[in-house]
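Residues per chain are reported as follows:
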Amino acid sequence: MDPTGYHVKLIELAYQMASTKATSEADLLRRFRTIYRHMAATVDGAMAELGFGPFGPMMSGMPGMQLPDTSKALGATDSEIGNL
């Protein structure tokens, strides 16, 4: 199983969602970036909370590895989604 393969599906879904209301290529890119970032933060945040993926529990011998601040990322993308 590919642990990062889900990003391909997120890209496909974000593009589909962005293209339904985009009025130009620039608007499509802006919408895609916002939607993809929100979806990736949501999925990666859930995986981190459950202890899966690259941000799961770290061994004590891995200095410098920090968990992402998923609540900060979701807060930022929630406001961006609201502006679409």
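Coordinates for the structure precede this section.
Worth saying up front: this structure is predicted, and the values here are computed from it rather than measured.

### Some details on the environment of Arg33
Phase 1 of the analysis: Among the secondary structure elements, Arg33 is positioned in helix 2 (residues 25-50).
Phase 2 of the analysis: Judged by relative accessible area, Arg33 falls into the exposed class, the value being 54%.
Phase 3 of the analysis: For the pair formed by Arg33 and Ala18, sequence separation is 15 residues and the distance between their alpha carbons is 8.7 Å.

### Let's talk about the packing of aromatic side chains
Phase 1 of the analysis: A complete count under the given rule lists one aromatic pair for this structure.
Phase 2 of the analysis: Centroid distance Phe32 to Tyr36: 5.9 Å. Interplanar angle 15 degrees. Geometry classified as stacked. Of this pair, Phe32 and Tyr36 both sit in helix 2, four residues apart, roughly one helical turn. Each member of the pair, Phe32 as well as Tyr36, is classed as buried.

### Section: the side chain of His38
Phase 1 of the analysis: With respect to the helices and strands, the residue His38 is situated in helix 2.
Phase 2 of the analysis: Excluding residues that lie within four positions of it along the chain, His38 makes contacts with Leu74, Thr77, Asp78 and Ile81.

### Some thoughts on the nonpolar core
One broad rule of soluble globular proteins: the nonpolar side chains tend to lie buried together.
Phase 1 of the analysis: Of all hydrophobic cores here, the largest spans nine residues; its members are Leu10, Ala14, Ala18, Leu28, Phe32, Ile35, Tyr36, Met39 and Ala40.
Phase 2 of the analysis: Where this core is concerned, the elements lending two or more residues are helix 1 (6-21) and helix 2.
Phase 3 of the analysis: Per-element tally for this core: the top contributor is helix 2, with six residues.
Phase 4 of the analysis: If near-sequence neighbours (up to four positions away) are discounted, Phe32 is found in contact with Ile11, Ala14, Tyr15 and Ala18.

### Regarding the pattern of salt bridges
Phase 1 of the analysis: Using the criterion set out here, one finds three salt bridges in the structure.
Phase 2 of the analysis: A salt bridge links Lys9 to Glu12, with the nearest nitrogen and oxygen atoms 3.5 Å apart. Linking Lys9 with Glu12, this pair stays in helix 1, spanning three residues, or about one helical turn.
Phase 3 of the analysis: Taking the relative accessible area as the measure of exposure, Glu12 reaches 39% and is therefore partly exposed.
Phase 4 of the analysis: A salt bridge links Asp27 to Arg30; its shortest N-O distance comes to 2.8 Å. Within this pair, Asp27 and its partner Arg30 are both found in helix 2, separated by three residues, close to a single helical turn.
Phase 5 of the analysis: The class of Asp27 is buried, set by a relative accessible area of 11%.

Parameters and conventions
Residues numbered from 1 in each chain as written. Predicted model: local features only at pLDDT ≥ 70, side-chain atom pairs only at ≥ 80, totals over all residues. Heavy atoms only, no water. Helix = DSSP H or I, 4+ residues; strand = E, 2+ residues; numbered from the N terminus. Buried < 20%, exposed > 50% of the residue type's maximum accessible area, 1.4 Å probe, protein only. Phe/Tyr/Trp six-rings, centres within 6.5 Å; stacked < 30°, edge-to-face > 60°. Contact = heavy atoms within 4.5 Å. Core = buried A, V, L, I, M, F, W, Y, C linked by side-chain atoms within 4.5 Å. Salt bridge = Lys/Arg side-chain N within 4 Å of Asp/Glu carboxyl O.

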